[in-house]
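Listed below are the residues making up each chain.
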Amino acid sequence: MASPTRPDPFPDAFGDPFLDLLQGPLATLAAAFVDLPPCIQPMDHAGQRTSASAVLDEVAVRMGGEFPYFHPLYAGQMLKPPHPVARAAYAMAMVLNPNNHARDGGRASSEMEVEAVAEIARMFGWSTHLGHLTSGGTFANLEALWVAGQLAPGKRILASEQAHYTHKRISAVLQMPFTTVAADAAGRMDLNALEDELRRGDVGTVVVTMGTTGLGAVDPLPQILALRGRYGFRIHLDAAYGGYFRLIADQLEAPARASYERMDQADSIVMDPHKHGLQPYGCGCVLFRDPAVGKFYKHDSPYTYFTSDQLHLGEISLECSRAGASAVALWATQRLLPLAVDGEFARGLAASRRAAVELGRRIREDERFAGFPTGPELDIVVWQACGNSVEQKSARAQRIFDASATLNLHLALVQLPEAMFSIRDGLASQTSVTCLRSVLMKPEHENWLEEIWGRLGSATETVLDLDR
Ligand SMILES: *Cc1c(COP(=O)(O)O)cnc(C)c1O
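Residues numbered from 1 in each chain as written. Predicted model: local features only at pLDDT ≥ 70, side-chain atom pairs only at ≥ 80, totals over all residues. Heavy atoms only, no water.

1. Digging into the pairing of strand S9 (residues 380-385)
The element S9 is extensively covered by neighbouring structure, given that six of its six residues are classed as buried. Sheet topology places strand S8 (residues 369-371) next to S9; three bridges connect them, and they run antiparallel. Residue pairing for S9: Gly371 is matched across the bridge by Trp383. Alignment of S9 against strand S11 (residues 432-439), held across four bridges, turns out to be antiparallel. Within the sheet, the bridge partner assigned to Ile380 lies in S11 and is Val439. (Buried < 20%, exposed > 50% of the residue type's maximum accessible area, 1.4 Å probe, protein only. Helix = DSSP H or I, 4+ residues; strand = E, 2+ residues; numbered from the N terminus. Pairing = 2+ DSSP bridges.)

What follows is the structure, given as structure tokens:
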């Protein structure tokens, strides 16, 4: 039997204030419903409380098998713990479990969604927009590309080879022709390759990635906007991961900054509050610059009983039921940490980016590694292990990844074309190599960098020693 006593030391994330935060507000919420006669709750039935607590013990044992995503030594995939205020607001909303499909399902939470989404739109420079939350970035991109297809039926969608893999699949689902555009050595959409496609005259939409998932590369938006002036097409920004960096655009290198500064020129934008925005999963966001695209969503459902003549979010969303709790959590987080360029949230982003830049610098100066020649543009660091061949570098990356994990340092791996690291004759651009990757997206990563660097060094020594 697992001991029920509190382990020492007790990991901070488990002692966080989220449960304490809830006591007073739950009483306030309950007071709004005191007029109702008492009713039996499921847990009042004999024995269920004891059984439920036993089940939760089992859950705790199972969940102990997760990686420690909440800890700064988790520096692998794009995972960031939700803010305690988001967790508390989400948990509180669970008492009611509103459904933001229609105002009948989520009266207050729909209003909170409208307000939270408008704040995101304002961050991108839009005072008017049409938009709403989605279950995630994939569905948000699907809506944006669906609208694009309604406006230009049969025309092609383009995205770079470093764009999120789901664009190709979404286009297939929507039965829209899709073409992959080559990326340059920095992982950004290649403008010559793009223009070659545009000359064919059948492009409806270009997906511009504001921070690729693998490398954090930012496609050259100003130049793509210039091409739009010449060829005429729709621009959809996939900012699922990178959107919030708009707040610290002035701290990015010139090309990325120029792209972020012109985001308001796009036709649609997707951003994921559940990536950088401190939200629990189930929170993406799609925005359209022209509210008139709402007409495409028109439906005539016999199931929706509208009790209000205000806009129903379900009328501008492809999904029907949506978690009202996601909107409540996002609203609470933005209330505490407004999306302001000089705010605490922006400072947190700046800290994680400084951590990434510093890690990138150390790696490039260390002969045990070969750093990615450029960037990081945002907060993703990618590098190779040293080696005499693609096979040796790939094998070592895998072993360093494993050895780091045994030291509780959790990194990620990514496959990239070898040509991105060294342009050498005779090396086919198709040859791919396994690289190490670290997404330093927690503000705390800055203070933990020394510790991360130390553990990465020990893991690397272990691997290289075995080869000596
Ligand atoms: C994560 C991501 C997506 C997919 O979003 P989900 O929320 O995982 O569905 C799409 N595009 C980019 C650039 C992403 O980083």
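2. Structural notes on the sheet that holds strand S6 (residues 268-271)
What the seven strands build is an open sheet, ordered S1-S7-S6-S5-S4-S2-S3; its pairing is mixed. Whereas interior strands pair on both sides, the edge strands pair on one side only; in this sheet they are strand S1 (130-134) and strand S3 (178-181). Taken pair by pair, the neighbouring strands of this sheet meet at an average axis angle of 20°, ignoring direction. Pairing of strand S2 (residues 156-160) with S3, which is carried by four bridges, proceeds in the parallel orientation. Looking at S3, one finds that Ala159 is bridged to Thr180. Helix-sheet contacts for helix H6 (residues 166-173) involve S2, S3, strand S4 (203-209) and strand S5 (234-239), and the interaxial angle to S3 is about 165°. (Axes fitted to C-alpha atoms, helices over the stretch in contact; angles between N-to-C directions. Contact = heavy atoms within 4.5 Å.)

3. A look at helix H3 (residues 84-93)
Along H3, the residues classified as buried are Val85, Ala86, Ala88, Ala89 and Ala93. Taken end-on, H3 shows its buried residues confined to a sector of 165°, consistent with a single buried face. Close packing links the buried residues of H3 with helix H1 (18-31) and helix H10 (324-336). (Arc of directions from axis to C-beta.)

4. What about empty space enclosed by the protein?
The final tally for this structure, using the stated rule, is two cavities of 30 Å³ or more. Within this model, the largest cavity holds a volume of roughly 140 Å³. Considering the residues around the largest cavity, the lining is formed by 16 residues, among which Phe372, Thr374, Gly375, Pro376 and Ile380 are closest to the centre. Counting only elements with at least two residues in the lining of the largest cavity, the list comes to helix H11 (344-364) and S9. Looking at the lining of the largest cavity residue by residue, the class counts come to nine nonpolar, four polar and three charged. Each of two domains, domain 1 (107-299 + 310-336) and domain 2 (344-467), supplies a minimum of three residues to the lining of the largest cavity. (1 Å grid on protein atoms, 1.4 Å probe; cavity = no way out; pocket = protein on both sides within 12 Å on 5 of 7 lines; lining within 4 Å. Points joined across faces, edges and corners; volume = space filled by probe spheres on them. Nonpolar A, V, L, I, M, F, W, Y, C, P; charged D, E, K, R; others polar. Domains from an automatic or database assignment.)

5. Brief notes about the domain arrangement of the protein
Along its sequence, the protein is carved into domain 1 (107-299 + 310-336) and domain 2 (344-467). Here domain 1 and domain 2 have C-alpha centroids that lie 28 Å from each other. With 30 residues of domain 1 at the contact, the number on the domain 2 side is 17 residues. Taken over both partners, the interface formed by domain 1 and domain 2 buries close to 2000 Å², and the fraction arising from carbon and sulfur atoms is 66%. Along the contact surface separating domain 1 from domain 2 lie one salt bridge. The shortest N-O distance in the salt bridge between Arg188 and Glu377 comes to 3.1 Å. Split into classes, the residues belonging to the side of domain 1 that touches domain 2 amount to 15 nonpolar, eleven polar and four charged. (Buried area = accessible area lost by both parts, 1.4 Å probe. Salt bridge = Lys/Arg side-chain N within 4 Å of Asp/Glu carboxyl O.)

6. So, the pattern of salt bridges
Under the counting rule described, the total for this entry stands at 24 salt bridges. One salt bridge connects Arg230 with Glu195, and the closest N-O pair in it is separated by 2.8 Å. One end of the pair, Arg230, is in helix H8 (residues 221-231); the other, Glu195, is in helix H7 (residues 191-198), and 35 residues separate them in sequence. A residue is classified by how much of its surface remains accessible, and Arg230, at 56% relative accessible area, is exposed. Its relative accessible area of 15% is what places Glu195 among the buried residues. Here Arg361 makes a salt bridge to Glu358, at a shortest N to O gap of 3.0 Å. Remark: Glu358 and Arg361 occur in helix H11; sequence separation between them is three residues, near one turn of the helix. According to the relative accessible area criterion, Glu358 is partly exposed, its value standing at 23%. Look at the salt bridges and you will find they share partners, linking Glu358, Arg361, Arg362, Glu365 and Glu450 into a network.

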